[in-house]
Amino acid sequence: MEIFIKQKIKKIKKGDQSAFEEVVSFYQNKVYQICFRMLGNAHEAEDIAQEAFLRAYTNIHSFDENRKFSTWLYRIATNLSIDRIRKKKPDYFLDAEVKGTEGLTMYSQISADQVLPDEEVESLEIQEYIHKEILSLPSKYRSVIVLRYIDELSLQEISDILDIPVGTVKTRVHRGREALRKKLRNL
């Protein structure tokens, strides 16, 4: 697949816009997911993802063909997301009470082949709560947590995307996990 992308990049550098359309359609979902997981807002994620592709297109001549295009593109998207986070005021408070988690019971004693509706709702609420807590992490920890555990990238890929040493990535992953663990202690 990387060979296919490299061929398209060469065509793009020669001015072939249809090749860029193919690259966009190949990566658009992944770039959007990265932006959404970092920003937590669908509209902002769409804007930032579009901006990432525009930046990639306008700076395609600075792309080093010896590296992976996906890493370069994800780095652009991640940096733009971090910039947006820095400019945006938080619309929540860390000490605010979490709604919707009281009175839930677990039915772990019941054996069933299908997931019960209550369990499914509870699971979705827990996922939403965890995602909200990830969004409340400082951006330097949020970005590595999202890239490592949600996008399942390697430490080296995260290092390349964020342009920081692998050791720094490891430290931020550890500190981000610890901060998240403290936030999720009552879960």
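All values derive from a computational prediction rather than experimental measurement. (Residues numbered from 1 in each chain as written. Predicted model: local features only at pLDDT ≥ 70, side-chain atom pairs only at ≥ 80, totals over all residues. Heavy atoms only, no water.)

> Just checking my understanding: could you explain the overall build of the protein for this structure?
A count of helical and extended segments in the protein gives eight helices and zero strands. Of all 187 residues assigned to the protein, the portion counted as buried reaches 34%. Carbon together with sulfur atoms contributes 49% to the accessible area of the protein, which is approximately 12100 Å² in total. (Helix = DSSP H or I, 4+ residues; strand = E, 2+ residues; numbered from the N terminus. Buried < 20%, exposed > 50% of the residue type's maximum accessible area, 1.4 Å probe, protein only. Areas by Shrake-Rupley, 256 points an atom, 1.4 Å probe, with all protein chains shown as cover.)

> Hey, could you run me through the pattern of salt bridges in this one?
Between side chains of opposite charge, pairing is possible as soon as their charged atoms come close. Using the criterion set out here, one finds eleven salt bridges in the structure. Residue D163 is joined to R75 by a salt bridge in which the shortest nitrogen-to-oxygen separation is 2.9 Å. Taken together, the positions of D163 in the loop between α7 (155-162) and α8 (166-183) and R75 in helix α4 (residues 69-87) put the pair 88 residues apart, joining distant regions of the chain. Note on D163: relative accessible area 53%, which makes it exposed. (Salt bridge = Lys/Arg side-chain N within 4 Å of Asp/Glu carboxyl O.)

> Help me out: how do you make sense of unusual backbone geometry in this one?
Backbone geometry follows two general trends: most residues other than glycine have a negative phi, and most peptide bonds adopt the trans configuration. In the Ramachandran plot, E152 falls in the positive-phi region, its phi being about 55 degrees despite a non-glycine side chain. Relative to the helices and strands, E152 is located in the loop between α6 (139-150) and α7.

> Before we go on, may I ask you to explain the packing of helix α2 (residues 17-39) against helix α3 (residues 42-58) in this structure?
What describes two packed helices is the angle between their axes and the distance between those same axes. Between α2 and α3, the shortest axis-to-axis distance is 8 Å and the interhelical angle comes to 140 degrees. Taken together, the axis directions place α2 and α3 in an arrangement best described as oblique. Crossing angle aside, the handedness with which α2 passes α3 is right-handed. Contact residues: Q17, F20, V24, Y27, Q28, V31, Y32, C35, F36 and L39 in α2; A42, E44, A45, E46, I48, A49, A52, F53 and Y57 in α3. When the residues that make up the contact of α2 with α3 are grouped by side-chain class, the tally is 15 nonpolar, two polar and two charged. (Axes fitted to C-alpha atoms, helices over the stretch in contact; angles between N-to-C directions. Parallel < 35°, antiparallel > 145°, perpendicular 65-115°, else oblique. Left-handed = near helix turned anticlockwise from the far one by under 90°. Contact = heavy atoms within 4.5 Å. Nonpolar A, V, L, I, M, F, W, Y, C, P; charged D, E, K, R; others polar.)

> Got a minute to help me understand a positive patch on the surface in this structure?
Positive charge collects at one region of the surface, where K6, K10, K11 and K14 lie side by side. Considering the arrangement of structural elements, one finds K11 in helix α1 (residues 2-13). With a relative accessible area of 40%, K11 lands in the partly exposed category. (Patch = residues over 30% accessible without salt bridge, like charges linked within 9 Å, V, L, I, M, F, W, Y side chains within 5 Å. Lys, Arg positive; Asp, Glu negative; His and termini not counted. Charge placed at Lys NZ, Arg CZ, Asp CG, Glu CD.)

> Just to check I follow, could you spell out the confidence of the model for the protein for this structure?
Any residue range with low pLDDT should be treated as having predicted coordinates unsuitable for detailed reading. Taken residue by residue, the protein gives an average pLDDT of 84. The fraction at 70 or more is 84%. For residues 92-98, every residue scores under 50 in pLDDT, and the model assigns this stretch eight contacts once sequence neighbours within four places are set aside. Low pLDDT, under 50, characterises residues 103-110; the predicted model gives this stretch eight contacts beyond four residues in sequence or across chains. (pLDDT = per-residue confidence, 0-100.)

> Sorry if this is basic, but what is going on with the nonpolar core here?
What tends to happen in soluble globular proteins is that the nonpolar side chains get buried as a cluster. The biggest cluster of nonpolar side chains holds 46 residues, and the ones touching the most others in it are Y27, V31, C35, F69 and L162. Broken down by secondary-structure element, the contributors of at least two residues to this core are α1, α2, α3, α4, α5 (117-135), α6, α7 and α8. Lining this core are residues from two domains, each supplying at least three of them: domain 1 (1-88) and domain 2 (118-184). Contacts of F69, omitting those with residues within four sequence positions, involve E2, I5, I9, V23, Y27, I60 and F63. (Core = buried A, V, L, I, M, F, W, Y, C linked by side-chain atoms within 4.5 Å. Domains from an automatic or database assignment.)

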